[in-house]
Amino acid sequence: GTAVHAGAEFSHRALLLGREIPPLEEGLAAVEQSFKEGAEEDVDWGETTKTTALDTSRKLYAHYHVKALTQVRPLAVEQHFFLKVGTVPVQGYIDLIDDVGGVDFEGVTSAGQPTVVDLKTSKASWSQAEADSDPQFTLYSLATKISCVRVDNLVNLKSGPALTQRPSTRSKHQLRVLTEDYEE
């Protein structure tokens, strides 16, 4: 997943700077560089091989490049945050804050809605219920004060890579519960 994130981050940063979507080959080079750096560490490849893992990372990024990048309008990339949840200090990085525009019922394109996006790679697609209840998204919402969140989930299926996007909204109640959980 880290290598796929590196390719996405490379492309998101180019878009954030007002550039065109980088060519696929440049994104794949970022994936390969990240993979190479990570593979130098002591990695347990489990049931797969290093070559298969790299191939999967390349395929997942290529799918993201084609299916998602044309829709992304970054407001922030790898946004660092530090906050106290109750009395507990927490810090982290948010993959992407996207300016998600829309089209209303009359076909008019609206200004964007800031949306916190987390890119996930997994063996199975996230359900809407998982996106609606994941505490990581609630934490990100608390950190950014943005209620709209979305998981961009890349899965390597037997039929090939798939991208599922699950938008969700965080409520004040969820933010309160998260704070209470951190306090316990």
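The following paragraphs examine the structure supplied in this document. (Residues numbered from 1 in each chain as written. Predicted model: local features only at pLDDT ≥ 70, side-chain atom pairs only at ≥ 80, totals over all residues. Heavy atoms only, no water.)

## Structural notes on the overall build of the protein chain
Helix and strand counts for the protein chain stand at 6 helices and 5 strands. When its helices and strands are written in sequence order, the protein chain yields α-α-α-β-β-β-α-α-β-β-α. Over its C-alpha atoms the protein chain spans a radius of gyration of 17 Å, differing by no more than 12% from the 16 Å that the globule rule assigns to 184 residues. Considered along the principal axes of its C-alpha atoms, the protein chain spans approximately 50 × 45 × 30 Å. Buried residues in the protein chain amount to 39% of all 184 residues. Expressed as a percentage of contacts within the protein chain between residues at least 6 apart in sequence, the contacts between residues at least 24 apart total 61%. Of the accessible surface of the protein chain, which amounts to about 10,700 Å², a share of 52% is contributed by carbon and sulfur atoms. When the 18 positive and 27 negative side-chain charges of the protein chain are each reduced to one mean point, those points stand 2 Å apart. (Helix = DSSP H or I, 4+ residues; strand = E, 2+ residues; numbered from the N terminus. Rg over C-alpha atoms; globule rule 2.2 N^0.38 Å. Buried < 20%, exposed > 50% of the residue type's maximum accessible area, 1.4 Å probe, protein only. Contact = heavy atoms within 4.5 Å. Areas by Shrake-Rupley, 256 points an atom, 1.4 Å probe, with all protein chains shown as cover. Lys, Arg positive; Asp, Glu negative; His and termini not counted. Charge placed at Lys NZ, Arg CZ, Asp CG, Glu CD.)

## Side note on the pattern of salt bridges
Two side chains carrying opposite charge are able to pair once their charged atoms lie near each other. Scanning all chains against the criterion turns up 7 salt bridges. For Arg58, the salt bridge is made with Glu32, and the minimal N-O distance between the two is 1.9 Å. Linking Arg58 in helix 3 (residues 50-67) with Glu32 in helix 2 (residues 24-39), this pair joins segments that are 26 residues apart in sequence. Judged by its relative accessible area of 28%, Arg58 is partly exposed. For Arg73, the salt bridge identified is with Asp99, shortest N-O distance 3.9 Å. Here Arg73, found in the loop between helix 3 and strand 1 (74-85), pairs with Asp99, found in strand 2 (residues 88-103); they are 26 residues apart in sequence, far enough to count as distant. Each of the salt bridges in this network shares a partner with another, and the network as a whole consists of Asp98, Arg150 and Asp152. (Salt bridge = Lys/Arg side-chain N within 4 Å of Asp/Glu carboxyl O.)

## Description of the packing of helix 5 (residues 135-144) against helix 6 (residues 172-183)
At a minimum axis separation of 10 Å, helix 5 and helix 6 run at an interaxial angle of 105°. Comparing their axes, helix 6 and helix 5 come out roughly perpendicular. Mapping the contact onto sequence places Pro135, Thr138, Leu139, Ser141 and Leu142 in helix 5 and Gln174, Leu175, Leu178, Thr179 and Tyr182 in helix 6. Partitioning the contact of helix 5 with helix 6 into residue classes produces 6 nonpolar, 4 polar and no charged. (Axes fitted to C-alpha atoms, helices over the stretch in contact; angles between N-to-C directions. Parallel < 35°, antiparallel > 145°, perpendicular 65-115°, else oblique. Nonpolar A, V, L, I, M, F, W, Y, C, P; charged D, E, K, R; others polar.)

Function cannot be read off these values alone, since they describe shape.
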